[in-house]
Structures are given as structure tokens and as C-alpha cells.
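Listed here are the chains, written in short residue letters.
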Amino acid sequence: MSEKKCYEKCAKKTVIGGQALIEGIYMRGPEKTATVIRRSDGTHTVRERAFTPAKKKFAPLGWPFIRGIFIFGSSIKDGVAELMFSAENSEFEATEPTKFDLWVEKKIGAERAEKLLMGFSVVLGVLMPIALFILLPTLLSSFVNFGEMYWLRSLCEGVLRMAIFILFIFSTSRMKDMRRVYAYHGAEHKTIHCYEAGEELTVENVRRHTRKHPRCGTSFLFVVMIISIVFFSFVRTDIWFPAVTAGWAQTLIRLGSRIVLLPVVLNISYEFNRLVGRYDNFLTKALRWPGVAMQSMTTNEPTDEMIEVAIDALSRVIPENSEADKW
């Protein structure tokens, strides 16, 4: 039976989203989150948390072209925390702590060491994509002398950015351990599609839906790449700093401009993703097609057990008010 493509015609569009973990899935609804990890005996380890949306605490955090950077930061922080939770609760063979681990625990205590590791992981989770996809292409393009053809430098930087991004996605999709994570990613998407179609959340119903979803993190990152190429092509650091025309000084200025203006790119990308995810017409389908196509590498077909985990996680974050989670 062919897959249903719910994103072309569905009963509703939900803000509920998730993240694939190590042998589990994290789901975030409008009022609570749920992480479900599958154990080898078929039982589920569950962690549920209620939360208050940032915009209810401080209204400007929910404003268009401001909310994107805060939502992105929050998703990174929560995603790393749940990934660590899944690692702790997955049934890996226990390893002996290293001398460094023992030294850190002795000096600052196990609890503080865990918080320190958590903080380091969050920082790394933010800095690595910035360094790899934003700064590295800018740095590499600086080794080529384009003369006064600034547009050619911007084009080269953009091509490098897309190439690094696609190569990174392709490389991870070939890793054995990541294939199961990407299968859980597929289960997450299929389950959300089934929910949006208004169908009962059963393995049979979920199985029929596509594993690609237009409102996915992969699509968002792809949009960030495209928006950054267009946006940074108009950022003329040679005009802002005419006294610095060449050498490492100009490269450092260009690198700095990418970091300073990244929140603008993220905010624009977030609003773009919301817009094309809200409507189903020829234009929006064409605009979101590249990001959806990328999910061929970041999602795999899940097993029935993986779908059961996704159903369990999603069911726990569905709000009582059916209007509360509308996109």
C-alpha cells in the first residue's frame, strides 16, 4: 500500500514536534514534554515534564522575527538533555570510569560534574553547527582571491556551505548506529502525520503514512543554509570597513559579521518555515520540497516497536483542548 502524504491534505496541523533519541523519542507539545525509551524487554522508560511557554512569561519572546532564535536555543538545550537521558537509560554495556572522570567527581562532586557535562554539551551543540556550517565556509572562501568580485566570493561561500551540510547529512546517514536513530526519526514523523490526519494512533494506521514531514528540523536547517546564502550576499563588510580591504583582518571581520547576524538569519528562517508549513499550494510545496527531499537521508523506515514508542510519546503530550496545539 502506498504511503499517505498527510501534509498535502490533513485534518489539522499541529505544533507538536519531536526528536529521535538513542532507542527512543522525545515529543514536545504545547504544555508538556515526554521522552520514551524502549528497553530490550519491550518495556518503556518514560520521563514527562510540564512547562510554561516562554511567550507566556514574557510576551515579546512570542513575537514574529524575535521568537525564532529563542525557540531554536530552547530546542537545542532540551534536545541535548533528553539525548543524555536516553543515553543513560539505554542498555549499553557499562564501561569503567576513566581516571579523568574519577578526578572530576572527586574535585567537584558527581552532581556538579553531571551539570558541568550538561552545560558543556549544550554549548557544544550550539557551537558545532555554527562553526561547521557558518564559519568554516567563510574561512575556506577567504583562501581564494576574488579581487573586487564580492558576489563571486559570496557565491563560493554559499556553495561550500551547502556542500558541507549535505556531506555531513550523508555521512551520518551511513553510520550504523545512526541508522536506528534515523528510523526512530521516521517513526516520529509517521506518528505525527497519523495524528494530523485525525486517525486512531495504532501501528497499522501510522505505518501507512510517509516518513517525511515539512515541519522538520532537517527542513529548518536546510532553510537556514539557503537564507544565509541569500542574506550574507548582501552583507558587504568591505563597505562597512573600507579601511580594511584584505588579509586576515578582513576575514576576521567577515567571520564576526556571520556570528553577529546569525540570530537574524535564524529568525527569518523560522518564520519562513512556519509560512510554508501552514499552507498547501503549489508555491509552498515547491519552496519546502528541497528540505523534505533531504529527509530521505535523515529518516528510515521504523520497526513496529519504534512506532509503538512514538505513539506512546505523542499520546502523552496531546493537549485536552484540541485547539491548543494548532500550527
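Overview of the structure.

Calculation rules
Residues numbered from 1 in each chain as written. Predicted model: local features only at pLDDT ≥ 70, side-chain atom pairs only at ≥ 80, totals over all residues. Heavy atoms only, no water. Pairing = 2+ DSSP bridges. Helix = DSSP H or I, 4+ residues; strand = E, 2+ residues; numbered from the N terminus. Axes fitted to C-alpha atoms, helices over the stretch in contact; angles between N-to-C directions. Salt bridge = Lys/Arg side-chain N within 4 Å of Asp/Glu carboxyl O. Buried < 20%, exposed > 50% of the residue type's maximum accessible area, 1.4 Å probe, protein only. Phe/Tyr/Trp six-rings, centres within 6.5 Å; stacked < 30°, edge-to-face > 60°. Lys NZ or Arg CZ within 6 Å of the ring centre and 35° of its normal. Core = buried A, V, L, I, M, F, W, Y, C linked by side-chain atoms within 4.5 Å. Contact = heavy atoms within 4.5 Å.

### Quick word on the sheet that holds strand E2 (residues 24–28)
Then, in step 1: Here four strands make up an open sheet; going across it, the order is E1-E2-E3-E4 and the pairing antiparallel. Each edge of the open sheet is held by one strand with a lone partner, namely strand E1 (17–21) and strand E4 (44–50). Sheet twist, expressed as the mean angle between neighbouring strand axes with direction ignored, is 10 degrees.
Then, in step 2: Across seven bridges, strand E3 (residues 32–38) lies against E4 in antiparallel orientation. Within E4, the residue paired with Ile-37 across the bridge is Thr-45.

### Here we look at the pattern of salt bridges
Then, in step 1: Applying the stated criterion to the full structure yields 21 salt bridges.
Then, in step 2: Here Arg-47 makes a salt bridge to Glu-82, at a shortest N to O gap of 3.2 Å. Taken together, the residues Arg-47 in strand E4 and Glu-82 in helix H2 (residues 67–89) connect sequence positions 35 residues apart.
Then, in step 3: A relative accessible area of 22% means that Arg-47 is categorised as partly exposed.
Then, in step 4: For Glu-82, a relative accessible area of 3% corresponds to the buried category.
Then, in step 5: Of the charged contacts in the structure, one is a salt bridge between Arg-208 and Glu-199, with a shortest N-O distance of 3.6 Å.
Then, in step 6: Relative accessible area serves as the criterion here: at 23%, Arg-208 is assigned to the partly exposed category.

### Examining the packing of aromatic side chains
Then, in step 1: Enumeration over the complete set of coordinates arrives at five aromatic pairs.
Then, in step 2: For the pair Phe-133 and Phe-168, a centre-to-centre distance of 5.5 Å together with 75 degrees between the ring planes defines the contact as edge-to-face. Of this pair, Phe-133 sits in helix H4 (residues 110–141) while Phe-168 sits in helix H5 (residues 150–173), and the two are 35 residues apart along the sequence.
Then, in step 3: Seen from their ring centres, Phe-231 and Phe-232 are 5.7 Å apart, and the 70 degrees between their planes marks the pair as edge-to-face.
Then, in step 4: Put simply, the rings of Phe-133, Phe-165, Phe-168 and Phe-222 touch in pairs and so form one group of aromatic residues.
Then, in step 5: Its guanidinium or amino end placed over the ring of Phe-85, Arg-47 lies 4.2 Å from that ring's centre, counting from NZ or CZ.
Then, in step 6: We note Arg-215 situated over the ring of Trp-327; from NZ or CZ to the ring centre the distance is 5.0 Å.

### A word on the nonpolar core
Then, in step 1: In terms of nonpolar packing, the biggest core is built from 23 residues, with Ile-25 and Met-27 touching the most fellow members.
Then, in step 2: Among the secondary structure elements, those contributing two or more residues to this core are E2, E3, helix H6 (176–196), helix H7 (203–207) and helix H12 (304–317).
Then, in step 3: When residues of this core are assigned to their parent elements, the largest contribution, eight residues, is made by H12.
Then, in step 4: Apart from residues lying up to four places away in sequence, Met-27 is in contact with Ile-16, Gly-17, Gly-18, Lys-32, Thr-33, Ala-34, Glu-188, Ile-192, Ala-310, Ala-313, Leu-314 and Val-317.
Then, in step 5: Ranked by size, the runner-up nonpolar core spans 22 residues in total, among them Ile-134, Met-162, Phe-222 and Met-225.

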